[in-house]
Amino acid sequence: MQTKLRSDAFLQQAMDTCGDAVYRLALCRLNSRADAEDVYQEVFLRLLRDDTDFRDTEHLKAWLLRVTLSRCADLRRSAWFKRTAPMEAAADTAAPEPENSSELWQAVHALPDDQRIAVWLHYVEGYRTEEIAEMVGCRPATVRTRLHRARKQLKLDLEGSYDEEQLERTEGHQGSAGAEGAHAGSSS
(Lines give C-alpha, C1' and ligand atoms only; values in the text may rest on other atoms or scores of the structure.)
Protein backbone atom coordinates (compact mmCIF):
# COMPACT_ATOMS: atom_id res chain seq x y z
CA MET A 1 0.00 0.00 0.00
CA GLN A 2 1.67 3.20 -1.21
CA THR A 3 0.93 6.46 0.61
CA LYS A 4 0.79 9.59 -1.51
CA LEU A 5 3.48 12.03 -0.41
CA ARG A 6 3.34 15.80 -0.58
CA SER A 7 5.37 17.58 -3.25
CA ASP A 8 8.94 18.67 -2.58
CA ALA A 9 7.92 22.26 -3.34
CA PHE A 10 5.20 22.19 -0.66
CA LEU A 11 7.56 20.71 1.89
CA GLN A 12 10.30 23.22 1.06
CA GLN A 13 7.81 26.11 1.34
CA ALA A 14 6.62 24.82 4.74
CA MET A 15 10.20 24.48 5.96
CA ASP A 16 11.04 27.98 4.76
CA THR A 17 8.01 29.63 6.37
CA CYS A 18 7.61 27.57 9.57
CA GLY A 19 10.87 25.68 10.04
CA ASP A 20 12.45 28.21 12.39
CA ALA A 21 9.37 28.23 14.62
CA VAL A 22 9.34 24.41 14.78
CA TYR A 23 13.04 24.25 15.66
CA ARG A 24 12.88 27.05 18.26
CA LEU A 25 9.86 25.50 19.97
CA ALA A 26 11.54 22.08 20.09
CA LEU A 27 14.73 23.66 21.45
CA CYS A 28 12.72 25.59 24.04
CA ARG A 29 10.94 22.42 25.10
CA LEU A 30 13.89 19.99 25.06
CA ASN A 31 16.89 22.19 25.89
CA SER A 32 19.03 20.18 23.49
CA ARG A 33 20.06 21.15 19.97
CA ALA A 34 20.47 17.53 18.87
CA ASP A 35 17.03 16.52 20.15
CA ALA A 36 15.47 19.66 18.64
CA GLU A 37 16.99 18.77 15.26
CA ASP A 38 15.62 15.22 15.53
CA VAL A 39 12.15 16.52 16.34
CA TYR A 40 12.39 19.01 13.46
CA GLN A 41 13.11 16.17 11.03
CA GLU A 42 10.34 13.97 12.41
CA VAL A 43 7.78 16.79 12.25
CA PHE A 44 8.51 17.49 8.59
CA LEU A 45 8.57 13.78 7.75
CA ARG A 46 5.12 13.55 9.29
CA LEU A 47 4.01 16.53 7.19
CA LEU A 48 5.40 14.83 4.09
CA ARG A 49 3.17 11.78 4.72
CA ASP A 50 0.12 13.61 6.11
CA ASP A 51 -2.88 14.39 3.91
CA THR A 52 -4.42 17.26 5.91
CA ASP A 53 -5.79 20.02 3.68
CA PHE A 54 -4.52 23.27 5.21
CA ARG A 55 -6.66 26.41 4.87
CA ASP A 56 -3.71 28.80 4.95
CA THR A 57 -0.17 29.26 6.25
CA GLU A 58 -1.37 29.97 9.79
CA HIS A 59 -3.31 26.70 9.85
CA LEU A 60 -0.19 24.88 8.64
CA LYS A 61 2.00 26.60 11.25
CA ALA A 62 -0.44 25.78 14.06
CA TRP A 63 -0.53 22.13 12.91
CA LEU A 64 3.27 21.96 12.78
CA LEU A 65 3.65 23.49 16.26
CA ARG A 66 1.05 21.11 17.68
CA VAL A 67 2.89 18.13 16.16
CA THR A 68 6.16 19.55 17.51
CA LEU A 69 4.75 19.76 21.04
CA SER A 70 3.37 16.25 20.74
CA ARG A 71 6.66 14.83 19.48
CA CYS A 72 8.60 16.63 22.23
CA ALA A 73 6.27 15.15 24.85
CA ASP A 74 6.72 11.68 23.33
CA LEU A 75 10.48 12.07 23.41
CA ARG A 76 10.53 13.31 27.01
CA ARG A 77 8.43 10.31 28.08
CA SER A 78 10.73 7.82 26.38
CA ALA A 79 12.98 5.62 28.51
CA TRP A 80 15.96 6.62 26.36
CA PHE A 81 15.45 10.32 27.08
CA LYS A 82 15.13 9.73 30.83
CA ARG A 83 18.40 7.78 30.94
CA THR A 84 20.50 10.24 28.96
CA ALA A 85 21.84 13.72 29.61
CA PRO A 86 21.92 16.31 26.85
CA MET A 87 25.35 16.82 25.30
CA GLU A 88 24.98 20.56 25.88
CA ALA A 89 24.93 19.96 29.65
CA ALA A 90 28.43 18.50 29.51
CA ALA A 91 29.65 21.26 27.21
CA ASP A 92 28.12 23.99 29.39
CA THR A 93 30.13 22.89 32.42
CA ALA A 94 33.37 23.41 30.50
CA ALA A 95 32.38 26.37 28.33
CA PRO A 96 31.60 29.92 29.46
CA GLU A 97 28.14 31.41 28.99
CA PRO A 98 27.62 32.79 25.48
CA GLU A 99 27.75 36.57 25.29
CA ASN A 100 24.48 36.92 23.38
CA SER A 101 22.20 35.03 25.79
CA SER A 102 20.26 37.66 27.66
CA GLU A 103 19.23 37.52 31.28
CA LEU A 104 15.58 37.49 30.26
CA TRP A 105 15.90 34.37 28.10
CA GLN A 106 17.97 32.65 30.74
CA ALA A 107 15.16 33.34 33.20
CA VAL A 108 12.55 32.13 30.69
CA HIS A 109 14.61 28.98 30.16
CA ALA A 110 14.49 28.33 33.94
CA LEU A 111 10.66 28.41 34.04
CA PRO A 112 8.68 25.15 34.35
CA ASP A 113 7.90 23.57 30.96
CA ASP A 114 4.22 24.50 30.83
CA GLN A 115 4.95 28.16 31.61
CA ARG A 116 7.94 28.33 29.27
CA ILE A 117 5.90 26.95 26.36
CA ALA A 118 3.04 29.38 27.04
CA VAL A 119 5.50 32.31 27.13
CA TRP A 120 7.20 31.13 23.95
CA LEU A 121 4.01 30.63 21.95
CA HIS A 122 2.45 33.89 23.17
CA TYR A 123 5.36 36.33 23.10
CA VAL A 124 7.67 34.85 20.47
CA GLU A 125 5.26 33.18 18.06
CA GLY A 126 2.42 35.66 18.67
CA TYR A 127 -0.44 33.24 19.37
CA ARG A 128 -3.52 34.22 21.37
CA THR A 129 -4.31 32.31 24.55
CA GLU A 130 -7.22 30.53 22.85
CA GLU A 131 -4.92 29.25 20.10
CA ILE A 132 -2.28 28.14 22.60
CA ALA A 133 -4.92 26.30 24.61
CA GLU A 134 -5.96 24.40 21.50
CA MET A 135 -2.34 23.51 20.71
CA VAL A 136 -1.38 22.29 24.18
CA GLY A 137 -4.73 20.70 25.01
CA CYS A 138 -5.98 22.79 27.93
CA ARG A 139 -8.45 25.59 28.61
CA PRO A 140 -7.68 29.22 27.68
CA ALA A 141 -7.96 30.18 31.36
CA THR A 142 -5.18 27.70 32.15
CA VAL A 143 -2.94 29.32 29.54
CA ARG A 144 -3.65 32.76 31.00
CA THR A 145 -2.80 31.44 34.48
CA ARG A 146 0.46 29.98 33.19
CA LEU A 147 1.34 33.29 31.54
CA HIS A 148 0.49 35.20 34.73
CA ARG A 149 2.62 32.89 36.87
CA ALA A 150 5.47 33.06 34.37
CA ARG A 151 5.41 36.87 34.32
CA LYS A 152 5.31 36.94 38.12
CA GLN A 153 8.28 34.56 38.37
CA LEU A 154 10.24 36.43 35.71
CA LYS A 155 9.65 39.70 37.54
CA LEU A 156 10.96 38.21 40.79
CA ASP A 157 13.96 36.63 39.08
CA LEU A 158 14.90 39.68 37.04
CA GLU A 159 14.29 42.23 39.81
CA GLY A 160 16.40 40.10 42.13
CA SER A 161 19.34 40.07 39.75
CA TYR A 162 18.85 43.78 39.02
CA ASP A 163 18.82 44.59 42.77
CA GLU A 164 22.02 42.56 43.27
CA GLU A 165 23.76 44.39 40.41
CA GLN A 166 22.65 47.76 41.75
CA LEU A 167 23.87 46.84 45.25
CA GLU A 168 27.27 45.76 43.90
CA ARG A 169 27.59 48.99 41.91
CA THR A 170 26.52 51.12 44.86
CA GLU A 171 28.88 49.35 47.28
CA GLY A 172 31.74 49.62 44.79
CA HIS A 173 31.04 53.31 44.17
CA GLN A 174 30.66 54.14 47.89
CA GLY A 175 33.82 52.23 48.72
CA SER A 176 35.91 54.20 46.24
CA ALA A 177 34.24 57.50 47.20
CA GLY A 178 34.80 56.78 50.89
CA ALA A 179 38.46 56.00 50.28
CA GLU A 180 38.89 59.22 48.31
CA GLY A 181 37.19 61.22 51.06
CA ALA A 182 39.36 59.66 53.75
CA HIS A 183 42.47 60.26 51.67
CA ALA A 184 41.49 63.87 50.95
CA GLY A 185 40.75 64.50 54.64
CA SER A 186 44.18 63.26 55.75
CA SER A 187 46.06 65.66 53.44
CA SER A 188 44.51 68.80 55.00
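Residues numbered from 1 in each chain as written. Predicted model: local features only at pLDDT ≥ 70, side-chain atom pairs only at ≥ 80, totals over all residues. Heavy atoms only, no water.

Going by what an unreviewed UniProt entry lists, the chain is known as Sigma-70 family RNA polymerase sigma factor and is assigned to Agathobaculum butyriciproducens. Within the UniProt record for the chain, the comment given under Sequence similarities (unreviewed entry) is "Belongs to the sigma-70 factor family. ECF subfamily." (UniProt positions renumbered as here; feature names shortened; annotations may be inferred.)

Visitor: Any chance you could break down the packing of helix α1 (residues 8-30) against helix α2 (residues 33-49) for me, citing the residues and the numbers?
Guide: Following both chains from N to C, one finds α1 and α2 inclined at 140 degrees, their axes separated by 9 Å at the closest point. Like other packed secondary-structure pairs, α1 and α2 cross with a definite hand, here right-handed. In contact with Phe-10, Leu-11, Ala-14, Met-15, Cys-18, Gly-19, Val-22, Tyr-23, Ala-26, Leu-27 and Leu-30 of α1, α2 contributes Arg-33, Asp-35, Ala-36, Glu-37, Val-39, Tyr-40, Val-43, Phe-44, Leu-47 and Leu-48. (Axes fitted to C-alpha atoms, helices over the stretch in contact; angles between N-to-C directions. Helix = DSSP H or I, 4+ residues; strand = E, 2+ residues; numbered from the N terminus. Left-handed = near helix turned anticlockwise from the far one by under 90°. Contact = heavy atoms within 4.5 Å.)

Visitor: Provide a residue-level description of the pattern of salt bridges, including the pertinent values.
Guide: Taken as a whole, this structure holds 12 salt bridges when the rule is applied. Here Glu-125 and Arg-24 are joined by a salt bridge, their closest N and O atoms 3.0 Å apart. With a gap of 101 residues between them, Glu-125 in the loop between α7 (113-124) and α8 (129-136) and Arg-24 in helix α1 connect regions that are remote in the sequence. Across the pair Arg-146 and Asp-114 runs a salt bridge whose closest N-O atoms are separated by 3.5 Å. Here Arg-146 is found in helix α9 (residues 140-186), whereas its partner Asp-114 is found in helix α7, with 32 residues between them in sequence. (Salt bridge = Lys/Arg side-chain N within 4 Å of Asp/Glu carboxyl O.)

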